[in-house]
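Structural overview for review
Here is how the chains run, residue by residue.
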Amino acid sequence: MNGLPLQGITVLEFSQYLSGPSAGLRLADLGARVIKIERPVVGEAGRKLAIKDLWVDESSLLFHTINRNKESFTANLKDPGDLILVKKLIAKADVLIHNFRPEVMGKNGLDYAAVKAINPRMIYAEISGYGKTGPWKNKPGQDLLLQSMTGLTYTTGNGNNGPVPFGISIADIMAGSQLVQGILGGLIRRQKTGTGAWIEVSLMESLLDFQFELLTTYYTTRQQPKRSHVANGQPLLSAPYGIYDTADGHIAIAMMDIHVLADTIGCSALRDFEKSEAFSKRDEIKTVLAAHLVNQHTDYWLDLLHDAGLWAMHVQNWEEMTNEEAYQALGMEQEIDVASGKKIITTRCPIRLDGKRLLSKRPAPGVGADTERIKENI
Amino acid sequence: MKLLENILILDFSQFLSGPSASLRLSDMGAQVIKIEKPGTGDICRELYVSDVMIEGESTIFHAINRNKQSYAADLKDPDDLFKVKQLIKQADVVMHNFRPGVMERIGLDYEAVKQLKPDIIYAEISGYGTEGPWKDLPGQDLLLQSVSGLTWLSNNNNENPTPMGVAVVDILAGTHIAQGILAALYGKTVSGEGSLVQVSMFESILDFQFEVLTCYYNDGRQLPVRGAVNSAHAYIAAPYGLYKTNDNYIALAMTNIPTLAELLGCEPLKQFSDSNDWFARRDEIKKVLADHLQQQPAAYWLGILEAADIWCAPVLDYDDLVKEEGYRLLDMEVTVKTSKGISVTTTRCPVKVDGQILFSATGAPLLGEHNEAIEKQFGISNQLQGLSE
């Protein structure tokens, strides 16, 4: 294929923070033209959200990470003149994304029915926190709260810990991913039927889908999956699955036959357990294993395990990881030219097409940076 | 019309990463055929998990493979391979998650498949990419979490590196390959050309960390430090975290500390009025807050905070969750049926299309269950039989 697959597709992104904008970013990397529709002057709220107080310009590094490779058009949706311009953009666009609370787009006359009336070919895609009905529909769609309400925090950490959240915004990212899939499916159908589509995703449903293996097991037994008390890796899995201390760091050990493991690392005490007890006695087995692994260095164990074809790896931090030849071979970092001649480094799209990495040097836009140019073309 | 109606996907993949992608494509209306090894099939059928089985197969297999068909074929048998190649000639997508080199040895690598079907979308998931020193290592979820720095982001800093308790690498790689496949299918409708789509689990788990990795790349490469008290995110200021009350846990997201102090009647919290301290002194702040919240039950605190529009929530396990009206109204649980009449309750696709949930009542296939139906549908003939007749 020559060029990128979404070349010629225009996406209007009425979104803030992470869930919607992460979907816009993926579509941009796949070749779409993504225009953020932002409030005049201040722009989307994510511009002022920083981590470690890192700023590129008036906008945070975090905003630049999520919104590179996009354009910005400012409009006050409560101003009739601006709204007319936005509706003209809608008439020409292919995809609209928003992640406002359920009634907000309706108040501006931009709910699905209204947009469809302007442009019947539109793929209208929205993310809510908890769906659009029910007692939770107005609750804030914030990642940690969704993790807490969906049972996810009881999958991680050991059984004697309290609930442990994921240290990354998993609900936002999963919802963004699901939305991209729905949008692309809508675009494929439109090529055959000429009609648009209405795609809806919620953070809640995305995070339940994410736990589908655990939930299906739960529905079968109606027993809360229990985290192991020692080196919990995944609540459903038997010993030895988990991370263990060694003499100089840590080692990750995945699923394997405990007797083969016993022989490979010379841990005869593991032989006292039957293979069939790998789940029911996992805490005892893991305790024995932990006491053994702490006696030697990680590399010592990895040599033995890898020679036997068993599944184990180092536990690395980013410094160790980025020094690995295997990391460098990926070419995952890319440089973005931001204003005033500065450069930032960020990750690229994880998908390769026809053997090529998808790279883009285009930075995140300033608030309304493209408004005038876009107006001229309306 | 379904989004992916009349799209045929041949899925050679096993376990979770590839099959989770083809599950979503099947939810969206594609016909998904699992190509499986006779006798054993997808190894996930026997993955022994939590002692919970359905029809002698793991609950997990049933969750991942509902609404698919199974075609058993021994790719080392020339006759079976001939039939699979006839299927490929009619397919839109071929996908696999074998280690590099396996499809080449069978003669079904991208170049070979492109000869059979020039506009094929050929999608592959690897563990660590197709080059570099780790390319032949197994692509296993916990191991990818461990090498990618991810385990240093969750839990308190006195705890060991802590893996996320869901197969997040597999699932993300699955969503990325699905996105690539769908974009390529769309591109084909415009250009008429197929493509090669590649994702590795390593790249997927780096992409997942894009916000915090970008911070690391640009802040002089300082490693993240997890908080000591109720840590929920290494980069977010107090009070962000989960707190034990005198009964259950509650979650508090980003909130102004003096406002919180006032609402909760927590005098010692009021001294932290400078917002610059909320990150730098987060452990102190959270300790004060944690001690204070122990005094009353969760419902008491949530009542106060929700009334003031503070971002907070109860912390639920599955037993609590499924009792909630907000959960039940989602209709997230669906029951599918296997051809043997066994019912399996699982989750549905989280994407709604045109106001409708996407649902099929078809359960996971038995190994080779659809060989005959598929051969009939696609007019597949046996080469050797043809010669002997």
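Some points on the overall build of chain A
The secondary structure content of chain A amounts to 15 helices and 13 strands. Dimensions of chain A, computed from the C-alpha atoms along their principal axes, are close to 80 × 50 × 45 Å. Burial status across chain A gives 63% buried among its 378 residues. Long-range contacts, defined as pairs at least 24 residues apart, comprise 67% of the intrachain contacts of chain A with a sequence gap of at least 6. In the structure as shown, chain A presents an accessible area of about 13400 Å², 50% of it carried by carbon and sulfur atoms. The average position of the 41 basic charges and that of the 43 acidic charges among the side chains of chain A differ by 10 Å.

Some words on the sheet that holds strand S5 (residues 69-72) of chain B
Strand order in the open sheet made by the 8 strands is S13(A)-S12(A)-S8(B)-S7(B)-S6(B)-S1(B)-S2(B)-S5(B), with mixed pairing throughout. Both outer strands of the open sheet, strand S13 (356-357) of chain A together with S5 of chain B, are each paired with one neighbouring strand and no more. Relative to strand S8 (residues 195-200) of chain B, strand S7 (residues 121-126) of chain B runs parallel, the two sharing 6 bridges. Bridge pairing links isoleucine 121 of chain B to serine 195 of chain B in S8 of chain B. Across the sheet, helix H8 (residues 201-208) of chain B lies against strand S12 (352-353) of chain A together with S7 and S8 of chain B, angled at about 65 degrees from S8 of chain B, the strand it touches most.

Regarding the domain arrangement of chain A
In terms of domain boundaries, chain A breaks down into domain 1 (10-210 + 333-377) and domain 2 (242-322). Relative to domain 2 of chain A, the C-alpha centre of domain 1 of chain A lies at a distance of 42 Å.

With respect to the interface of chain A and chain B
Contact with chain A, which involves 136 residues of that partner, is made by 143 residues of chain B. Both faces combined, the contact of chain A with chain B buries some 12700 Å², and carbon together with sulfur accounts for 66% of it. Across the contact surface, chain A and chain B share 12 salt bridges. Arginine 352 of chain A serves as the salt-bridge partner of glutamate 131 of chain B, at 4.0 Å between the closest nitrogen and oxygen. Partitioning the side of chain A that touches chain B into residue classes produces 73 nonpolar, 43 polar and 20 charged. Relative to S8 of chain B, S12 of chain A runs antiparallel, the two being bridged by 2 bridges.

Quick notes on the packing of aromatic side chains
One pass over the full model with this rule turns up 15 aromatic pairs over all chains. A ring pair is formed by tyrosine 112 of chain A and tryptophan 198 of chain A, whose centres lie 5.0 Å apart and whose planes are at 10 degrees; its orientation type is stacked. With a gap of 86 residues between them, tyrosine 112 of chain A in helix H5 (residues 112-118) and tryptophan 198 of chain A in strand S6 (residues 197-202) connect regions that are remote in the sequence. A residue is classified by how much of its surface remains accessible, and tyrosine 112 of chain A, at 12% relative accessible area, is buried. With 6.4 Å between their ring centres and 50 degrees between their planes, tyrosine 216 of chain B and tyrosine 217 of chain B make a pair best called tilted. With a relative accessible area of 2%, tyrosine 216 of chain B lands in the buried category. The structure contains a cluster of three or more aromatic residues connected by ring pairs, namely Tyr327 of chain A together with Tyr128, Trp134 and Phe202 of chain B.

Side note on the sheet that holds strand S5 (residues 123-128) of chain A
Strand pairing in a sheet is mediated by backbone hydrogen bonds. Such pairs are either parallel or antiparallel. Read from one edge of the open sheet, 8 strands run S3(A)-S2(A)-S1(A)-S4(A)-S5(A)-S6(A)-S14(B)-S15(B), paired in mixed fashion. Pairing within the sheet leaves two strands with one partner each, and these edge strands are strand S3 (71-74) of chain A together with strand S15 (356-357) of chain B. The pairing of strand S2 (residues 33-38) of chain A with S3 of chain A spans 4 bridges and is parallel. Bridge assignment links glutamate 38 of chain A to a residue of S3 of chain A, and that residue is threonine 74 of chain A.

Rules and cut-offs
- Residues numbered from 1 in each chain as written.
- Chains lettered and ligands numbered in written order.
- Predicted model: local features only at pLDDT ≥ 70, side-chain atom pairs only at ≥ 80, totals over all residues.
- Heavy atoms only, no water.
- Helix = DSSP H or I, 4+ residues; strand = E, 2+ residues; numbered from the N terminus.
- Buried < 20%, exposed > 50% of the residue type's maximum accessible area, 1.4 Å probe, protein only.
- Contact = heavy atoms within 4.5 Å.
- Areas by Shrake-Rupley, 256 points an atom, 1.4 Å probe, with all protein chains shown as cover.
- Lys, Arg positive; Asp, Glu negative; His and termini not counted.
- Charge placed at Lys NZ, Arg CZ, Asp CG, Glu CD.
- Pairing = 2+ DSSP bridges.
- Axes fitted to C-alpha atoms, helices over the stretch in contact; angles between N-to-C directions.
- Domains from an automatic or database assignment.
- Buried area = accessible area lost by both parts, 1.4 Å probe.
- Salt bridge = Lys/Arg side-chain N within 4 Å of Asp/Glu carboxyl O.
- Nonpolar A, V, L, I, M, F, W, Y, C, P; charged D, E, K, R; others polar.
- Phe/Tyr/Trp six-rings, centres within 6.5 Å; stacked < 30°, edge-to-face > 60°.

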